[in-house]
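Structural description and commentary
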Amino acid sequence: MPDSGPASRTRWQTSGRPASYALGAAVAGLAGMGSLLPVLPGWLRLVLLLVLALLGPGGLIVACLGPLPRFVVAPAIPAIGVSTLSLAVTATLAIGAYEPRVTTLIVSAVCVAGGILLRGLRGDAHTALLRPPGRARIRQIHARARRSTLQWLRASPTRLPVALVIVGLLIWLGSLPSLDRSSYSSYGLIVSTPSMAVALGATVLGLLLAVRAGHLAAGWFGLVATVLVLRGGTLFATSAAPYPWTYTHLGVIDWFGHSGTLARDVDVYSNWAGTLAFFAWLSDSAAFSSFSLAHGFILVCHLLTIVAVYLMARAFRRTPTEALVAAFLVEAVNWVGQDYLSPQAVAFLLAIVLVTLLQVARDHRFAQAASVSALVIYTGIAWSHQLTATWLVGATLALVLVGFLRPLWTAIGVLGMFGLMLGVNLDSLVRNSTGISTDVVANSAGNVPMSGSPGQQLTSNTVHLLAALVWGAGFGAALLQVWRAQSATRRKDALGLAVVGFSPFALLATNYGGEAIFRVYLFSLPSMAVLVAPYLTKLLCFPGRRALLAILGALVVTAMGAQGTWGNWYQGIITGDEVALAKRLDRAAGVRGNIAYLVPGVMPANVSWRYVPRDRSPLVVDQTWGIENLYAGTDGSDPAPVDDLTYAVGQQARNRPYFVVISRSMRINALQYGKMTPGSFASIEGHFTRSGWRPVYRAADGTVIFANSAGASAWSALGTGAAG
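Residues numbered from 1 in each chain as written. Predicted model: local features only at pLDDT ≥ 70, side-chain atom pairs only at ≥ 80, totals over all residues. Heavy atoms only, no water.

**Here's the deal with the overall build of the protein chain**
Looking only at helices and strands, the protein chain features 34 helices and 4 strands. When each of the 724 residues of the protein chain is scored for burial, the buried share is 56%. Summarising the internal contacts of the protein chain: among those between residues at least 6 apart in sequence, 80% fall at separations of at least 24. When the accessible area of the protein chain is evaluated, it comes to approximately 28800 Å², of which 65% is carbon and sulfur surface. (Helix = DSSP H or I, 4+ residues; strand = E, 2+ residues; numbered from the N terminus. Buried < 20%, exposed > 50% of the residue type's maximum accessible area, 1.4 Å probe, protein only. Contact = heavy atoms within 4.5 Å. Areas by Shrake-Rupley, 256 points an atom, 1.4 Å probe, with all protein chains shown as cover.)

Structural data, given as structure tokens:
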């Protein structure tokens, strides 16, 4: 294993500032109280609530515990805060006492009172660090920062990396307007908007050259710019949050706010409500649209991920430069798309922090504080996302077997919480679980059975090859580090990373709707990156040809990850018009109607609380009819599926609104994945027209909505928007 430098061998320094965390919690509590002022705009209330959530409960708990290393406190306090708040809000929903502003007041008061009390108990030796500096001190800090910045920019090794990153950002900014106007390509953005690939190449090259030059600040500049180029389009080039599943989660959030209760009989979200309950509290208490929260979530999620991976790498004794490379690798090769507002995205972030704490807990000085913090975070995960909790409990047992985990009572706590979660949600698990499957090949096949368009085949082959490269490199790095370890501590570090990185493969025993392999890849990324980072960093710093090959290899891997991310751009993008149409359709269907989609899971659905009563009074036809399966791979010439649907709706839903939607995004999805032939849509539309369905909405982009008589009346009652 390459030497990681003296910095990585230094014992972790204790934070030593419990009074500061207590005082920070008190300040966060005051911010939470300030968010209750009705005169404040929604965005400001949101900011104040985020301060409360990220600094309040977590700061209070960390102040009560023993010492933690300085670099661990930064992710631990927000992770604990989100976990405890999600659990608290879930509890209020479970007992039917959901009052978001009351919850805000109680949490704020506890943080203020507890922070002041703990500050007094812990002493004020370090709280002077929080006192505002005088004017002379401010001028001194400003002058020093200005002088350091100028010296950094004038340093010749830094000029080229920074210039490349700036050029990349300028190209990206110039490309953003064209994303919304670009025409569909099955190959995605790299073909339809090649300037995006140029922008990404420039920022990544700048980052790699900064690593080679040993300039950490320039490297961070390049990494943040890379995140902006890869993910920023989802916010700055779109009118609404991407991905249809985002809106399913927003419907659950709306149900929590509307009813103040859990709908445990309807779907899994009310049984693992933690994350969505947290966002419901945040949205309702701030009076800020959850749709707007979702729109910016992807970019924020990735920015938080690179910070979390960086700190995880530091916990595993990587140098700052190696940790930066690890964060870059996770960002570059993460094509999975589980980054939208969802329980999975938040649970993944929390899991990275939890693994960091498990590593820190091996040091006897931090064992108690790190283990308790990890258990609090695991509890938040267990009541938010069952698959992440399942992976982590398996990883915990494996860490015990290899002698990595200390203290052992941490594993007992994780197992106990996992068992409690299973016991409480056993009924939901039985109803919704895909079960255990020994067909690992089928579980690894993905969730799209068709071969798809040429562009889709390229994207699929690319991400398969990329996954093999990531896992192969991680496996090789783990073997080398275990074999060449110069101490038992280093060997245990490598073993721990290998166990955490490869333990997700146990999830292939579950089908998970064909998506288990995607979660295996996602969960393995942080550990694979931390294992590989020292070798890539060393190669980048070699003179001559080896460094050039390392740079070219990193650029190729980034391009492969970008194809995986951008190759399905047009299938994931949702327009503002589609969201407005989905909301209108939801109102027209009401609580007793039904909405059928020619290609399900493509257009926003279940966008409001009304989905719960609709699911509680389903039609038989809802359970038996699926036009995508009946028409998949055909030219749509057979009228029988539409005739059968027409007859069933006439028998079962004559007086209930029933809508059938054929949207722009469905046409793109069907072409991308080869589900239907291009001319099939026109044929199917003709079948609906001949069967007496009324087209209540038609748009220039090809979207059309058919309705029965009750549906047409409900649509007309909403006002303008009839077929044109």
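**Quick look at the packing of helix α12 (residues 244–259) against helix α13 (residues 274–286)**
Helix packing geometry: the angle between the two helix axes and the distance between the axes. Two numbers describe how α12 lies on α13: the axes approach to 9 Å, and their chain directions differ by 65 degrees. The hand of the α12/α13 crossing is right-handed. Contacts between α12 and α13 pair His249, Val252, Ile253, Phe256 and Gly257 from the former with Leu276, Ala277, Phe279, Ala280 and Asp284 from the latter. Tallied by class, residues from the contact of α12 with α13 come to 7 nonpolar, 2 polar and 1 charged. (Axes fitted to C-alpha atoms, helices over the stretch in contact; angles between N-to-C directions. Left-handed = near helix turned anticlockwise from the far one by under 90°. Nonpolar A, V, L, I, M, F, W, Y, C, P; charged D, E, K, R; others polar.)

**Observations regarding the nonpolar core**
Ranked by internal contacts, the top residues of the largest apolar core, which has 218 residues, are Phe256, Phe279, Trp281, Ile377, Tyr378, Ile381 and Tyr521. Of all the elements, helix α24 (residues 516–541) adds the most residues to this core, at 16 residues. Setting aside residues up to four positions removed in sequence, tyrosine 378 forms contacts with Leu354, Ala389, Leu392, Val393, Val414, Met417 and Phe418. (Core = buried A, V, L, I, M, F, W, Y, C linked by side-chain atoms within 4.5 Å.)

**Quick look at the layout of surface pockets**
Looking at the second largest pocket, its volume works out to about 750 Å³. The wall of the second largest pocket is formed by 29 residues, among which Leu54, Val82, Val300, Leu304 and Leu349 lie closest to the centre. Taken together, the elements giving at least two residues each to the lining of the second largest pocket come down to α3 (42–64), α4 (70–94), α13, α14 (290–315) and α16 (343–360). In terms of residue count, the dominant contributor to the lining of the second largest pocket is α14 (10 residues). (1 Å grid on protein atoms, 1.4 Å probe; cavity = no way out; pocket = protein on both sides within 12 Å on 5 of 7 lines; lining within 4 Å. Points joined across faces, edges and corners; volume = space filled by probe spheres on them.)

**Details of the pattern of salt bridges**
Side-chain pairs of opposite charge can arise where the charged atoms are in close proximity. By the definition in use, this model includes 10 salt bridges. Note that aspartate 586 is salt-bridged to arginine 610, the shortest N-O span being 2.9 Å. Placement of aspartate 586 in helix α27 (residues 576–589) and of arginine 610 in the loop between β1 (594–597) and α28 (611–616) is noted, with a sequence separation of 24 residues between them. The exposure class of aspartate 586 is buried, given its relative accessible area of 2%. (Salt bridge = Lys/Arg side-chain N within 4 Å of Asp/Glu carboxyl O.)

**Notes on the pairing of strand β2 (residues 658–662)**
Burial within β2 is extensive, with 5 of its 5 residues counted as buried. A two-sided burial pattern is seen for β2, the buried positions comprising Tyr658, Val660 and Ile662 on one face and Phe659 and Val661 on the other. Relative to β2, β1 is paired through 4 bridges, and the arrangement is parallel. Note that in β2 the partner of alanine 596 across the bridge is valine 660. Here 4 bridges tie β2 to strand β4 (residues 704–707), and the two strands are oriented antiparallel to one another. Residue pairing in the sheet places valine 661 in a bridge with isoleucine 705 of β4. (Pairing = 2+ DSSP bridges.)

**Points about the sheet that holds β1**
Pairing is mixed in the open sheet, where 4 strands are placed in the order β1-β2-β4-β3. The sheet terminates laterally at β1 and β3 (694–698), the two strands that pair on one side only. Ignoring strand direction, the axes of neighbouring strands in this sheet form an average angle of 25 degrees.

**Brief notes about the packing of aromatic side chains**
One pass over the structure, following the stated rule, counts 21 aromatic pairs. On the numbers, 6.1 Å between centres and 80 degrees between planes, the contact of tryptophan 172 with phenylalanine 236 is edge-to-face. Of this pair, tryptophan 172 sits in helix α7 (residues 156–181) while phenylalanine 236 sits in helix α11 (residues 233–236), and the two are 64 residues apart along the sequence. Using a relative accessible area of 47% as the deciding quantity, one classes phenylalanine 236 as partly exposed. With a centroid separation of 5.7 Å and 45 degrees between ring planes, the pair formed by phenylalanine 278 and tryptophan 281 is classed as tilted. Placement of both phenylalanine 278 and tryptophan 281 in helix α13 is noted, with a separation of 3 residues, approximately one turn of the helix. The cationic tip of lysine 583 hangs over the ring face of phenylalanine 291; the distance from NZ or CZ to the ring centre is 4.1 Å. The ring of tryptophan 715 carries the charged tip of arginine 584 above its face, separated from the ring centre by 4.3 Å. (Phe/Tyr/Trp six-rings, centres within 6.5 Å; stacked < 30°, edge-to-face > 60°. Lys NZ or Arg CZ within 6 Å of the ring centre and 35° of its normal.)

**A short note on the environment of tryptophan 255**
For tryptophan 255, the location among the structural elements is in helix α12. The class of tryptophan 255 is buried, set by a relative accessible area of 8%. Taking the C-alpha atoms as reference points, tryptophan 255 and serine 608, 353 residues apart in sequence, are found 6.7 Å from one another. Residues in contact with tryptophan 255, not counting those within four places in the same chain, are Gly260, Thr261, Leu262, Ala263, Trp609, Tyr611, Val612, Pro613 and Arg616. At 3.3 Å, the side chain of tryptophan 255 and the backbone oxygen of threonine 261 are in polar contact. (Polar contact = N/O pair within 3.5 Å; in protein donor to acceptor, adjacent residues only side chain to side chain.)

**Things to note about α24**
Residues lying three or four places apart along an α-helix face the same way, a consequence of the helix completing one turn every 3.6 residues. Compared with the 38 Å implied by 1.5 Å per residue over 26 residues, the 37 Å span of α24 between its first and last C-alpha is a close match. Helix geometry: α24 is bent most strongly at leucine 525, by close to 45 degrees, with proline proline 526 lying one to four residues after it. Counting buried positions over the 26 residues of α24 gives 22, a clear majority of the element. (Expected span 1.5 Å × (residues − 1). Bend = angle between axes of the 7 residues up to and from the residue.)

**Considering unusual backbone geometry**
Here the bond from arginine 406 into proline 407 is cis, since omega is -10 degrees, no more than 30 degrees from zero. Within the secondary structure, proline 407 is located in the loop between α18 (386–401) and α19 (409–424). Backbone geometry at tyrosine 243 places phi at a positive 70 degrees, although glycine is not the residue there. Counting through the fold element by element, tyrosine 243 comes out in the loop between α11 and α12. On the basis of relative accessible area, tyrosine 243 is assigned to the partly exposed category, the value being 25%. Phi at alanine 287 is positive, roughly 55 degrees, even though this residue is not glycine. Topologically, alanine 287 is positioned in the loop between α13 and α14. By relative accessible area, which is 56% here, alanine 287 ends up exposed.

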